[in-house]
Amino acid sequence: GMKEFIRVMKAVSDPTRVKILKILEKRMMCVCELQTSLGTAQSTTSKHLKILEDAGLVAYHKDGLWVNYMLADGRQSPFAASLLGNLRHWLNDEPEISAIVEKTAHIDRFEILNKN
């Protein structure tokens, strides 16, 4: 009900979290890839992901040592499902969004690991 709706709305009220959702529309990513594309600290990125996850907007699965994040399938919340469906059509021409999505295409977790 109302609580769930507010949780979804609060989750998308932050520009970084909107960027995360737009990035995950393209492909699943691990935290290290997301933080590289966003230029945020790992703790910050994880905090944002947790908020999106609690709202039913993102999901993750573990693959060995990797934790892969993806958009949720929307089963958890009709509000999240509806928002994710609409968001695909929104903000694509926004310069900040298109730049980050473009950058994301070239990010590779194995390259990131080798740099560290």
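In this text, all values refer to a predicted model and were calculated from it rather than measured experimentally. Per chain, residue numbering runs from 1 following the sequence as it is written. For this predicted model, a pLDDT threshold of at least 70 governs which residues receive local features, and a threshold of 80 or more governs which side-chain atom pairs are given and counted, while totals over whole chains, interfaces and linings are taken from all residues. Only hydrogens and water are removed before side-chain values are computed, so all heavy atoms of the structure are retained for them.

### Brief notes about the nonpolar core
One broad trend across soluble globular proteins is that nonpolar side chains are buried collectively. Within the largest apolar cluster, 31 residues are counted, with the highest numbers of intra-cluster contacts made by Leu21, Leu24, Leu34 and Leu57. Put simply, DSSP marks the helices as runs of H or I at least four residues long and the strands as runs of E at least two long, and each gets a number from the N terminus on. Secondary-structure elements contributing two or more residues to this core are α1 (2-11), α2 (15-26), β1 (29-30), α3 (31-38), α4 (42-54), β3 (66-71), α5 (78-87) and α6 (95-104). Per-element tally for this core: the top contributor is α2, with 5 residues. In contact with Leu57, not counting residues within four places along its chain, are Val8, Ala11, Val12, Leu21, Leu52, Met70, Leu71, Ala72, Ala80, Leu83 and Leu84. Here the nonpolar core consists of buried residues drawn from Ala, Val, Leu, Ile, Met, Phe, Trp, Tyr and Cys, with membership extended through side-chain atoms lying within 4.5 Å. When a residue's accessible area, from a 1.4 Å probe over protein chains only, is under 20% of the maximum for its type it is buried; when over 50% it is exposed; and in between it is partly exposed. For this analysis, residues touch if any pair of their heavy atoms sits within 4.5 Å.

### With respect to the pairing of β3
For β1 and β3, the ladder comprises 2 bridges, and the chain directions are antiparallel. Considered in β3, the bridge of Met29 is made with Tyr69. Pairing between strands is defined by DSSP: at least two bridges between them are needed. Taken together, the 6 bridges between strand β2 (residues 58-63) and β3 define a ladder with antiparallel strand orientation. Following the sheet pairing, Asp63 is matched in β3 by Trp66. Where β2 folds back onto β3 in an antiparallel hairpin, the turn is made up of 2 residues, including Gly64, whose phi is positive at roughly 60 degrees.

### Description of the pattern of salt bridges
A pairing counts as a salt bridge when a side-chain nitrogen of Lys or Arg comes within 4 Å of a carboxyl oxygen of Asp or Glu. Within the structure shown, the criterion is met by 6 salt bridges. Two residues, Glu25 and Lys22, come together in a salt bridge whose shortest N-O distance is 3.1 Å. On the criterion of helical spacing, the pair formed by Glu25 and Lys22 is a turn pair, its members being 3 residues apart in helix α2. The class of Glu25 is buried, set by a relative accessible area of 15%. Looking at Lys22, the relative accessible area reads 1%, which means it is buried. Overlapping salt bridges bring together Arg27, Glu33 and Arg109 as one network.

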